[in-house]
Structure formats: structure tokens, C-alpha cells
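Each chain, written out:
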Amino acid sequence: MPAAPPSSTLAPAASPAVSSAAHPAAPPRIAPPPPDGRMLLRMTRPGFLLLTAAACLLGLALAWAGTGAWDAPRAGATLLLALLAHAGANVLNDYHDARNGADAANQQGLFPFTGGSRLIQQGAVSERATQRWAWTLLALLLPAGLALVWASGPGLLGIGLAGLLLAWGYSAPPLALMSRGLGELAVGLAWWLVVLGADYVQRRQGSASTALAALGLALLVANVLLVNGLPDARADALVGKRTLAVRLGPRAAAWLYLALALLAHGGLLALWWRGWLPVSAWAGLASLPLALAAALQVLRHAGQPQALRPAIGLSIAAAIGHALALALGLVLWPGAMA
């Protein structure tokens, strides 16, 4: 059989006039204006910063339970720097998800919980402005963080550098941990470090009890990212972003969610049983009903992304509630804590 003729021989070429009429030039894209103060705040996704504030309060409460002392200026500086780091990480994540196409491909996200702020996709801000704002926020941390290290002790430098590495490496290449199935672990570790840092600033030394007590919050934060990944899984897979939800599939991810929720609360009881936490740490179990309700929703609707909004809300409430309830218990009834 002879080869098919080139496509150009199958039909007469269209005249320039016809081509121009059939395919009019696209209108030039108008660049968004530079973001003002209100837009810069929106770019940080401020509603999600509540989790960082709760983690800081937990660290301060653990220090209070261990020492009975509390330095208000250093506590305020700790909270401000932790919020600044989280805000910078949020903006940096939006920039890199715009660059890799994940947010543009995401048509099933459950805004505002998943899919980023959508400000770049809506044309409200440019990628360049988003990148500049992210690095501005993270750059502000350096002198302020070094001042807090000078006031609190050298151990805080290691905690801060590890946190910055996770904030950058979560989104940015070459690490891009979120694309390697390590994003959930990285985010859990980041909030674990927030608790450790807030505690260290008060004690001016590390605490094994604090490191153990903060593990429950770290697991619940990892669960927030895990459930957030389920509505985004299809879009993430299209751009090669291999989150745990993509790697495991919805059903296995749902069972992992339940296991982490149980481990977070069971571990708290184990720490009390071993004498590493006072009996007041039982207050942290207040978040167990929220975590179990979320797990039930995830198990029931793991394959139905649009039905997961209640599960995501419950997951966030469980993490914040766990930190605040545990902190309140330790402040009101500190007991014996190292």
C-alpha cells in the first residue's frame, strides 16, 4: 500500500485572509497589578496559620509544666516568627504548584482547603510577585531568628534551620518532598519542630518529654495533609506530584489515616503510662472524637473527593483541638513533668 500523502496535499492551502478570520489572534494577557497589603495577606492563606499558633501554645504550655516559668517577650517573638515561617511556606507552595501545573490542573479541589489559594490561577497575582513575596517572608526570618537564638541559646539554631529546610524542601526542587510521597512526613515534622522551638525558647534547653508529647500533634497534622491529598490526587498524578494519596490510592490512604489518628491518641496514653507526661495530658484526648469522626468520613468517601469537605474540616479541628486541649490541661494541672 502506498504511503498516505502529507496532510498539506489533502486540501488546498487557506489564504492568509481566511486563516486570519478563522483563527483570530488571542488578546494580549493583561498582567495583574502589584499586590497591595490586603492581597499580600490573602496570599499567605491566614486561616491556616491558626494551626501554627496552636502548636506554639502547646510548646509554651509544655515549658510551663516543666519549669513553672514563662517569658512573655520571648513567647511573643516565637509566635510571630513561627507564623512568618508558615506564611512564607504557604506562598512558596503556591508558587511551585503554579510552576509545576498542579493547581492549574486541579479542577476537583475543595477550596479553601485544597488546591492552593488559586490567586495565580485567577489572574489576581503573578507567579513572579508570588515568588518575591515568599522569599521576602522567609528572608525576614533570618535576622529575627538569629536575634531569638542569641536570646535563647544555640540549640534553637538547629531547630530553626531544620524548619526552614522543610519549608523550602517541601515545595522547591530539587527536593520537592511533596512530589515524592514525603510531603506528609515533612509537614508533620515541621509542626513538631514548632512545638520544640517554642518550648526551647522558654527553657533555653531541649526536653525529651516535649519531643515525645509533640508527636501526637505531628501525626494529626500529617493526617490533614493526607486527607487534603485525596481531592487533589487526580490533578497531582497528572503533573507527577506523587503524594501519599496518589501512591497508595484512596482506600489504603483512608486506612492509613485511621491508623495515624489512633496512634496519635494512643501514644499520648502510653507516654502517661510510662510516666513521661502528667495525668493532665489526658486532656489531649479531647480531640479523639473529632479524629475518629474524620476517619469515618474518609473511609466512607475516600473514592468520592467532593464528599470529603467535612472530613477535612474535622481533621483541622482535631489537630488544633488536640494542641489546645493538651496545652490547657498542662497549664491548669501541670503535675510532674521533666
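Everything quoted here is computed from the prediction, not taken from an experiment.

1. As for the overall build of the protein
Item 1. Within the protein, the secondary structure is distributed over 14 helices and zero strands.
Item 2. Mapped from its N terminus to its C terminus, the protein presents α and β elements in the order α-α-α-α-α-α-α-α-α-α-α-α-α-α.
Item 3. Here the protein holds 338 residues, and 49% of them are scored as buried.
Item 4. Per element, the accessible surface of the protein, about 16400 Å² overall, is 70% carbon and sulfur.

2. Section: the packing of helix α4 (residues 72-99) against helix α8 (residues 183-203)
Item 1. Remark: α4 packs on α8, axes separated minimally by 9 Å, with the N-to-C direction vectors making an angle of 160°. In terms of orientation, α4 and α8 fall into the roughly antiparallel class. Crossing of α4 over α8 shows right-handed handedness. Taken together, the residues of α8 that come into contact with α4 (itself represented by R74, A75, T78, A82 and H86) are W191, V194, A198, V201 and Q202.
Item 2. Broken down by class, the residue content of the contact of α4 with α8 amounts to six nonpolar, three polar and one charged.

3. Here's the deal with the pattern of salt bridges
Item 1. Using the criterion set out here, one finds four salt bridges in the structure.
Item 2. Close ionic contact of R45 with D94 constitutes a salt bridge, the shortest N to O distance being 3.1 Å. Here D94 lies in helix α4 and R45 lies in the loop between α2 (37-43) and α3 (50-67), a separation of 49 residues in the sequence. Grouping residues by exposure puts R45 and D94 together as buried.

4. Let's talk about helix α10 (residues 215-238)
Item 1. With 24 residues, α10 extends 33 Å between its outermost C-alpha atoms, agreeing within 8% with the 34 Å of an ideal straight helix rising 1.5 Å per residue.
Item 2. Bending of α10 peaks at approximately 70° at the position of D232.
Item 3. In terms of burial, α10 is largely enclosed, as 19 of its 24 residues are buried.
Item 4. Remark: G240 follows α10 within two positions and exhibits a positive phi of approximately 80°.

5. Thoughts on the environment of L164
Item 1. If you trace the backbone, L164 turns up in helix α7 (residues 155-171).
Item 2. Once the C-alpha coordinates of L164 and L142 are considered, the two residues, 22 residues apart in sequence, prove to be 9.8 Å apart.
Item 3. Once you skip the residues sitting within four places of it in the chain, L164 turns out to touch L138, L141 and L142.

6. Examining a nonpolar patch on the surface
Item 1. A cluster of nonpolar side chains, W64, W70, L328, V331, L332 and W333, forms an exposed patch at the surface whose accessible area comes to about 660 Å².
Item 2. Looking at the nonpolar patch element by element, the count peaks at three residues for helix α14 (residues 309-332).
Item 3. Within the secondary structure, L328 sits in helix α14.

7. Topic: the confidence of the model for the protein
Item 1. When pLDDT is averaged across the protein, the result is 85; 86% of the residues are at 70 or more.
Item 2. Summarising per-element confidence for the protein, the mean pLDDT is lowest in helix α1 (residues 16-22) (39) and highest in helix α13 (residues 288-301) (96).
Item 3. In this model, residues 1-28 is a region of pLDDT below 50 whose contacts with residues beyond four sequence positions or in other chains number two contacts.

8. A look at α13
Item 1. A rise of 1.5 Å per residue sets the reference length of α13, with its 14 residues, at 20 Å; its end C-alpha atoms lie 20 Å apart and thus fit the reference within 8%.
Item 2. Of all the residues in α13, the buried ones are A291, A294, A295, Q297, V298, L299 and H301.
Item 3. Of the surrounding elements, those touching the buried residues of α13 are α10, α12 (250-273) and α14.

What counts and how
Residues numbered from 1 in each chain as written. Predicted model: local features only at pLDDT ≥ 70, side-chain atom pairs only at ≥ 80, totals over all residues. Heavy atoms only, no water. Helix = DSSP H or I, 4+ residues; strand = E, 2+ residues; numbered from the N terminus. Buried < 20%, exposed > 50% of the residue type's maximum accessible area, 1.4 Å probe, protein only. Areas by Shrake-Rupley, 256 points an atom, 1.4 Å probe, with all protein chains shown as cover. Axes fitted to C-alpha atoms, helices over the stretch in contact; angles between N-to-C directions. Parallel < 35°, antiparallel > 145°, perpendicular 65-115°, else oblique. Left-handed = near helix turned anticlockwise from the far one by under 90°. Contact = heavy atoms within 4.5 Å. Nonpolar A, V, L, I, M, F, W, Y, C, P; charged D, E, K, R; others polar. Salt bridge = Lys/Arg side-chain N within 4 Å of Asp/Glu carboxyl O. Expected span 1.5 Å × (residues − 1). Bend = angle between axes of the 7 residues up to and from the residue. Patch = residues over 30% accessible without salt bridge, like charges linked within 9 Å, V, L, I, M, F, W, Y side chains within 5 Å. pLDDT = per-residue confidence, 0-100.

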